[in-house]
Amino acid sequence: MLAGLRLASALLFILALGLPRTSDALVVRNSFPVTLPIARRLNVTGAANIVKLDQARAKALKTRPQAQGTKPSLASVISAPVTNEAVDYVATVGVGSPATEYSLLIDTGSSNTWVGAGKAFVTTSTTQATGNLVEVTYGSGFVFGEQFTDQVTLAPGLVIENQSIGSALESEGFDGVDGIIGFCRADVLVGTLFPAITECIPTVTDNAFTQGLIPAHEIGIAFAPTQSLEVTNGELTFGGVDESKFTGPLNFVPITSTSPANTFVGIDQTVTYGSAGTVVLPATSGITDTGTTLLLLASDAFATYQNLTGGVMDNDTGLLRLTQDQFANLESLFFQIGDTTFEFTPNAQIWPRALNTAIGGQTDSVYLIVNDLGSLSGEGLDFIDGMTFLERFYYVFDIANSRVGFATTQFTDATTN
């Protein structure tokens, strides 16, 4: 019934609308990056299901490239502050003129930008219909709606014209936020529109660079561990990096060539445990993803990790639980990424104890943030370095050169968890 209503809506929509397009005028390129603060947020309604949500997202990411090119089912460097909410990061983004502000999830695993999950899309004089519908499935939810172009304000001095943006008619799985702002590669968008199934939609970063608003086609991301349900402790830097946010050199590696990880912000890495260098995950491909909370390893690698740590699966949280003695003996994980080895300390491997009860855990327990991807290694996407990994390092997606950069920060060795 619902699918039939969607199809009927799609046909009526296409008949009713034309396909107006507006051309972008190039401007003189801004020579400075622009920063946007972002906030980390714990969605309490979904916190107890972190593992299930992450595994569902992983499954959707692995299958998404297979659906590209097919008809939708219809089911200056500028830095900006971001809000840390313990399960996801959100940014405040303005759409239209005058701008309506929306709280949008930061997602490097997808490229669509859309609103309307919470606050409804408001049309203004800058809104233009495209004649397309849009549908995206995320594993933890979906969106189905109309596609427009509009003015998007990411930060003071970073106002993008004619940005493609979706307006949700239906959505699920996005409680407490208004939508998503996607920073993955633009070709991930192919297959999300109808009838323009093969159209590749420029992301906000693509358009910011094309319109001369930022000096480089890249984005720097700084996260930080937190002990609060919500706090603005992150930052997106458009068009460059914020050198005040990292302590060591930036080390870049190319986007992996292995499918399907190469569709996203994918890398190759090896994971070992402890001073003995026990291999947990041999050299393989996976992705970095701000939309995933945990650090997920292929099932066989996760079994090795569980055996090494002695963790016991906790039914209330879905996470591995350690005794205090086991935590005292926990050793670091080491991530070999390119020519650089990054240490992921014992403290980095545990869920913030101040937030244990928010995920259904016990106050005095120790829970590990390393978990099961839900599939065996050898499938081309064998790990996801999620938010709890990325908040220990500075993270750069250099779109122009198809590479990813990492650097240590003041939080790499922090013991705040």
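Structural data are supplied above this passage.
Only a predicted model underlies this, so the values are computations on that prediction, with no experimental measurement involved.

Before going further, it helps to examine the overall build of the protein. Along its length, the protein carries 6 helices and 26 strands. When each of the 417 residues of the protein is scored for burial, the buried share is 59%. With an accessible surface of roughly 15400 Å², the protein has 53% of that area assigned to carbon and sulfur atoms.

Let us look at the sheet that holds strand S15 (residues 266-273). Taking strand neighbours across the sheet as the criterion, the 7 strands line up as S21-S20-S15-S16-S24-S17-S23 in an open arrangement whose pairing is mixed. For this open sheet the edge positions go to strand S21 (340-344) and strand S23 (370-372), each flanked by a neighbour on one side alone. Within the sheet, the average angular offset between the axes of one strand and its neighbour, ignoring direction, is 35°. Bridge count for S15 against strand S16 (residues 278-288) is 7 bridges, and the pairing is antiparallel. Directly across from Ile 267, in S16, lies its bridge partner Gly 286. Its contacts with the sheet put helix H2 (residues 50-63) on S16, strand S17 (295-297), S23 and strand S24 (383-385), and the angle it makes with S23 is roughly 60°. Seen against the sheet, helix H4 (residues 299-309) touches S15, S16, S17, strand S20 (333-337) and S23 and runs at an angle of roughly 135° to S16.

Here Asp 289 shows up in the loop between S16 and S17. Judged by its relative accessible area of 0%, Asp 289 is buried. Polar side-chain contacts of Asp 289 include one of 2.6 Å to the side chain of Thr 292. Not counting the four nearest positions on each side in its chain, Asp 289 is found in contact with Arg 57, Leu 61, Asp 107, Thr 108, Gly 109, Ile 384, Asp 385, Gly 386, Met 387 and Leu 390.

In this section: the pairing of strand S8 (residues 142-155). Every regular strand shows the same layout, with side chains that alternate between the two sheet faces. The element S8 is extensively covered by neighbouring structure, given that 12 of its 14 residues are classed as buried. Alignment of strand S4 (residues 88-95) against S8, held across 2 bridges, turns out to be antiparallel. Looking across to S8, one finds that Val 95 is bridged to Val 152. Bridging between strand S7 (residues 128-137) and S8 involves 8 bridges; their strand directions are antiparallel. If you follow Ala 129 over to S8, its bridge partner there is Phe 148. As defined by bridge partners, S8 adjoins strand S9 (residues 158-172) across 12 bridges and the pair is classed as antiparallel. Looking at S9, one finds that Thr 149 is bridged to Ser 164. In this structure, the hairpin formed by S8 and S9 is closed by a connection of 2 residues, where Gly 157 is found at a positive phi of approximately 90°.

This paragraph deals with H2. Look at H2: 20 Å from first C-alpha to last across 14 residues, which is about the 20 Å you get at 1.5 Å a residue. Of the surrounding elements, those touching the buried residues of H2 are strand S5 (100-107), S7, S16, S17, S23 and S24.

Pairing in this open sheet of 3 strands is antiparallel, and the strands run S18-S19-S22 from one edge to the other. The outermost strands of the open sheet, each flanked by one partner alone, are strand S18 (312-313) and strand S22 (366-367). Pairing of strand S19 (residues 320-322) with S22, which is carried by 2 bridges, proceeds in the antiparallel orientation. Note that in S22 the partner of Leu 322 across the bridge is Val 366. Lying over the sheet, H4 contacts S18 and S19, oriented at roughly 15° with respect to S19.

Basis of the calculations
- Per-chain numbering applies: the sequence of each chain, read as written, is numbered from 1 onward.
- Reporting in this predicted model follows two pLDDT cut-offs: at least 70 for local features of residues, and 80 or more for side-chain atom pairs to be given and counted; totals over whole chains, interfaces and linings ignore these cut-offs and use all residues.
- Excluding hydrogens and water, the side-chain figures rest on all heavy atoms present in the structure.
- Only DSSP runs of H or I reaching four residues or more are called helices, and only runs of E reaching two or more are called strands; each is numbered from the N terminus.
- Each residue is placed in one exposure class: buried if its accessible area under a 1.4 Å probe, protein chains only, is under 20% of its type's maximum, exposed if it is over 50%, and partly exposed if it falls in between.
- Accessible areas in this description were obtained via Shrake-Rupley with a 1.4 Å probe; residue shielding takes into account the shown protein chains only.
- The criterion for strand pairing is that DSSP finds at least two bridges linking the strands in question.
- Fitted lines through C-alpha atoms give the axes, limited to the stretch in contact for helices. The angle between two N-to-C directions lies from 0 to 180 degrees.
- Working rule for contacts: check all heavy atoms of both residues, and any pair within 4.5 Å makes them a contact.
- In protein, a polar contact means a hydrogen-donor-capable atom and an acceptor-capable atom, both N or O and within 3.5 Å, with residues adjacent in sequence counting only if both atoms are side-chain atoms; elsewhere, any N or O pair within 3.5 Å suffices.
- Expected span of a helix: the number of residues minus one, times 1.5 Å.

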